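Spelled out from the first residue to the last, the chains are:
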Amino acid sequence: MFVFLEVENNVQRGHIVYYNSSVQKWAIASDDNSLVGVVSSDPENSEDKVIAKVIFAGSAYAIADRAIPDEGGNLAVQNGKVYVDNTKDCGIISPSILNMDQRQENDLVMVHIR
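Structural notes, computed from the coordinates. Along each chain, residue indices are assigned from 1 in the same order as the chain's sequence is written. Where local features are concerned, this predicted model is filtered to residues with pLDDT of at least 70; where side-chain atom pairs are given and counted, the filter is 80 or more; whole-chain, interface and lining totals use all residues. Hydrogens and water are ignored here; the side-chain numbers use all heavy atoms of the structure.

### Brief notes about the pattern of salt bridges
One speaks of a salt bridge when a side-chain nitrogen belonging to Lys or Arg is within 4 Å of a carboxyl oxygen belonging to Asp or Glu. Applying the stated criterion to the full structure yields five salt bridges. With a shortest N-O distance of 4.0 Å, glutamate 6 and lysine 25 are connected by a salt bridge. Linking glutamate 6 in strand β1 (residues 2-6) with lysine 25 in strand β3 (residues 25-28), this pair joins segments that are 19 residues apart in sequence. Taking relative accessible area as the criterion, lysine 25 reaches 27% and is therefore assigned partly exposed. Residue aspartate 89 is joined to arginine 114 by a salt bridge in which the shortest nitrogen-to-oxygen separation is 3.6 Å. Placement of aspartate 89 in the loop between β9 (81-84) and β10 (91-93) and of arginine 114 in the segment after β11 (108-113) is noted, with a sequence separation of 25 residues between them. Note on conventions: DSSP H or I runs of at least 4 residues are helices, E runs of at least 2 residues are strands, and numbering of each starts at the N terminus. Buried, partly exposed and exposed residues are distinguished by accessible area as a fraction of the type maximum, computed with a 1.4 Å probe on protein chains only: under 20%, between the cut-offs, and over 50%, respectively.

Right, here's the structure in full:
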């Protein structure tokens, strides 16, 4: 499930975003304590607004905050990026593809948002 939404100027493809009610735009999420989505397109200017496709359920590619274990795990958010924390429950980070190098900070990794 996706929606085209207005995002803040510093948002990029792969960032995790939340709704910032003080500016009424989707902004980089500092954690996963609110409704979050994954920006799945490069934001574009349209009618003096920055618009991006944001996925709220299903699979997408998100930016890794740190190295991701080959087995993947439960998705957690920090500074608009994802990492594995098996105490969280807002989604999963997929396992690594066979024979792939370990996924590192700032790599795009497949996630599934619930």
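Having put the structure on the table, let's press on.
### What to know about the environment of glutamate 6
Judged by relative accessible area, which is 23%, glutamate 6 ranks as partly exposed. In this structure the C-alpha to C-alpha distance between glutamate 6 and asparagine 45, which are 39 residues apart in sequence, comes to 9.5 Å. Those residues in contact with glutamate 6 that lie beyond four places of it in its chain are Gln24, Lys25, Trp26, Lys49, Val50 and Ile51. We call two residues contacting when some pair of their heavy atoms lies within 4.5 Å.

### Section: the packing of aromatic side chains
Centres within 6.5 Å make a pair out of two Phe, Tyr or Trp rings, where for Trp the six-membered ring is used; the pair is then stacked when the planes are under 30 degrees apart, edge-to-face when over 60, and tilted otherwise. In this structure the tally under the stated criterion is three aromatic pairs. Within the aromatic cluster, the residues linked to one another by ring pairs are Tyr19, Trp26 and Phe56. Lying over the aromatic face of phenylalanine 2, lysine 53 brings its terminal NZ or CZ to 4.2 Å of the ring centre. Taking NZ or CZ as reference, arginine 66 lies 3.8 Å from the ring centre of tyrosine 83, over its face. Here, a charge over a ring means that NZ of Lys or CZ of Arg falls within 6 Å of the ring centre while also lying within 35 degrees of the ring normal.

### Remarks on unusual backbone geometry
Positive phi, normally seen in glycine, also occurs at asparagine 79, with a value near 55°. Within the fold, asparagine 79 resides in the loop between β8 (73-78) and β9. Phi at asparagine 99 takes a positive value of approximately 65°, unusual for a residue other than glycine. Judged by relative accessible area, asparagine 99 falls into the exposed class, the value being 76%.

### Notes on the pairing of β3
The pairing criterion for strands is at least two bridges between them, as found by DSSP. Where strand β2 (residues 16-20) and β3 come together, four bridges link them in antiparallel fashion. Across the sheet, residue asparagine 20 finds its bridge partner in β3, namely lysine 25. Remark: four residues form the turn of the hairpin made by β2 and β3, two consecutive strands paired antiparallel; glutamine 24 in that turn has positive phi of roughly 55°.

### Focus: the sheet that holds β11
The strand order across the open sheet formed by five strands is β7-β11-β10-β8-β9, and the pairing between neighbours is antiparallel. The outermost strands of the open sheet, each flanked by one partner alone, are β7 (58-63) and β9. The sheet shows a mean angle of 45° between the axes of neighbouring strands, taken without regard to direction. Note that β10 and β11 share three bridges and pair antiparallel. Bridge assignment links isoleucine 92 to a residue of β11, and that residue is histidine 112. Fitted lines through C-alpha atoms give the axes, limited to the stretch in contact for helices. The angle between two N-to-C directions lies from 0 to 180 degrees.

From the geometry alone we can't say anything about function, so treat these as descriptive.
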